[in-house]
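If you want the building blocks of each chain, they are given just below.
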Amino acid sequence: QLARIQTDSVVEMLRELYPDLRFEIAVAMSTTGDKILDTALSKIGEKSLFTKELENALERNEVDLVVHSLKDLPTSLPPGFTIGAVCKRENPLDAVVFHPKNCGKTLGLLPEKSVIGTSSLRRAAQLKKKFPQLEFRDIRGNLNTRLKKLDEKEDFSAIILAAAGLKRMGWENRIGQLLSPEDCLYAVGQGALAVEVRAKDQEILDMVSALQDADTVLCCIAERAFMKRLEGGCSVPVAVNSVLKDGQLYLTGAVYSLDGSDSLRETMQTSVNYPLQNEDGPNDDVQHVGITAKNVPGQAQEAAENLGVELASLLLNKGAKHILSVARQLNDAR
């Protein structure tokens, strides 16, 4: 349902921009990630969990564009594909949804040993450190399934979800607590929608580039470059927070051990204040961590990517590799 709402919202924007074109939403498809619901995401080990089947349809020209949550897209896309647009980001923070009996509480006010549901190693690692009195347990399924599990059973006192998904579903009233970046840094790309297209399809690329939100693009390029340099993914706790203000891009990035006891966190900044030059020619389709942003200054994109790489390198120099490899081993052994 959420995937459909996200797709509809992008198609709606395209219809307004191009009233003469006809947009048809193809049959919704199930992906590996949708089908395997009894295993934690971090354990399935498939890189393109929610994307492969959709990319096959793109390749066969059955569809011309695919709408994803950007955080589901790996930092390296298969050859022949690119993210042609990143739409304006919804609130990227994580949200706590409480069991009806805990209405009005916050995580800090829950009784000791209360069970919190999340399938994210990143959320669990950060919150275990902050709230050692709580227990964290895997919960899988789409948003509807998870909320149902929360409301109808007594297994969970609360669950953690992305605020953006709840908002898009019209369930904003279920948010009992928004987790600030001090409490919980968010996932790379969280809250942003990506439109994936064939890299060589100039017509479609030009069309979807009108959906591009420059600030979101720059933040997400920095975040994805950070993740790529760390070689992070679902199977390790990597988290970010990015802010673009007065032409300066600030990126905070962190890595965690599975229980949150060991962590590294740093912030760096760079200027992304560059004019849009006429960049036709051989640089036409330069990708930055899988994103082709035709109407965002190339120098700004480069600066954002370098910021992510440099921040990751700083953490690696401080011992991030060890924290992540231990986390990966422990996760594989679980």
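Residues numbered from 1 in each chain as written. Predicted model: local features only at pLDDT ≥ 70, side-chain atom pairs only at ≥ 80, totals over all residues. Heavy atoms only, no water.

The name given to the chain in an unreviewed UniProt entry is Porphobilinogen deaminase, with the source organism recorded as Oceanites oceanicus. Recorded under Pathway (unreviewed entry), the UniProt text for the chain is reproduced unchanged: "Porphyrin-containing compound metabolism; protoporphyrin-IX biosynthesis; coproporphyrinogen-III from 5-aminolevulinate: step 2/4." The Sequence similarities (unreviewed entry) field of the UniProt record for the chain holds the comment "Belongs to the HMBS family." (UniProt positions renumbered as here; feature names shortened; annotations may be inferred.)

## Points about the overall build of the chain
For the chain, the count of helices and strands is eleven helices and eleven strands. Going through the 334 residues of the chain one by one, you find that 52% of them count as buried. Within the chain, residue pairs in contact and separated by at least 24 positions form 71% of the contacts whose partners lie at least 6 positions apart. Per element, the accessible surface of the chain, about 15,700 Å² overall, is 48% carbon and sulfur. (Helix = DSSP H or I, 4+ residues; strand = E, 2+ residues; numbered from the N terminus. Buried < 20%, exposed > 50% of the residue type's maximum accessible area, 1.4 Å probe, protein only. Contact = heavy atoms within 4.5 Å. Areas by Shrake-Rupley, 256 points an atom, 1.4 Å probe, with all protein chains shown as cover.)

## Focus on the packing of helix α9 (residues 214–230) against helix α10 (residues 298–317)
Following both chains from N to C, one finds α9 and α10 inclined at 35°, their axes separated by 7 Å at the closest point. As α9 runs across α10, the sense of the crossing is right-handed. Taking contact as the criterion, the partners of Leu218, Ile221, Ala222, Ala225, Phe226, Arg229 and Leu230 in α9 are, on α10, Ala300, Gln301, Ala304, Glu305, Leu307, Gly308, Val309, Leu311, Ala312, Ser313, Leu315 and Leu316. Its residues assigned to classes, the contact of α9 with α10 shows 14 nonpolar, three polar and two charged. (Axes fitted to C-alpha atoms, helices over the stretch in contact; angles between N-to-C directions. Left-handed = near helix turned anticlockwise from the far one by under 90°. Nonpolar A, V, L, I, M, F, W, Y, C, P; charged D, E, K, R; others polar.)

## Re the environment of isoleucine 5
Here isoleucine 5 is to be found in helix α1 (residues 2–17). On a C-alpha basis, the gap between isoleucine 5 and methionine 169 in space is 7.3 Å, while along the polypeptide they are 164 residues apart. Not counting chain neighbours up to four residues away, the residues in contact with isoleucine 5 comprise Arg168 and Met169.

## Looking at the pattern of salt bridges
Tallying each qualifying case throughout the model produces 17 salt bridges. Between glutamate 90 and lysine 167 there is a salt bridge, with its nearest N and O atoms 3.2 Å apart. Note that glutamate 90 is positioned in the loop between β2 (81–86) and β3 (94–98) and lysine 167 in helix α7 (residues 163–168), a separation of 77 residues in sequence. The salt bridge partner of arginine 137 is glutamate 135, with a shortest N-O separation of 4.0 Å. (Salt bridge = Lys/Arg side-chain N within 4 Å of Asp/Glu carboxyl O.)

## A closer look at the environment of alanine 312
Assignment of secondary structure puts alanine 312 in helix α10. Judged by relative accessible area, alanine 312 falls into the buried class, the value being 0%. Spatially, the C-alpha atoms of alanine 312 and arginine 229 are 6.0 Å apart, while their sequence positions differ by 83 residues. Apart from residues lying up to four places away in sequence, alanine 312 is in contact with Phe226, Arg229 and Leu230.

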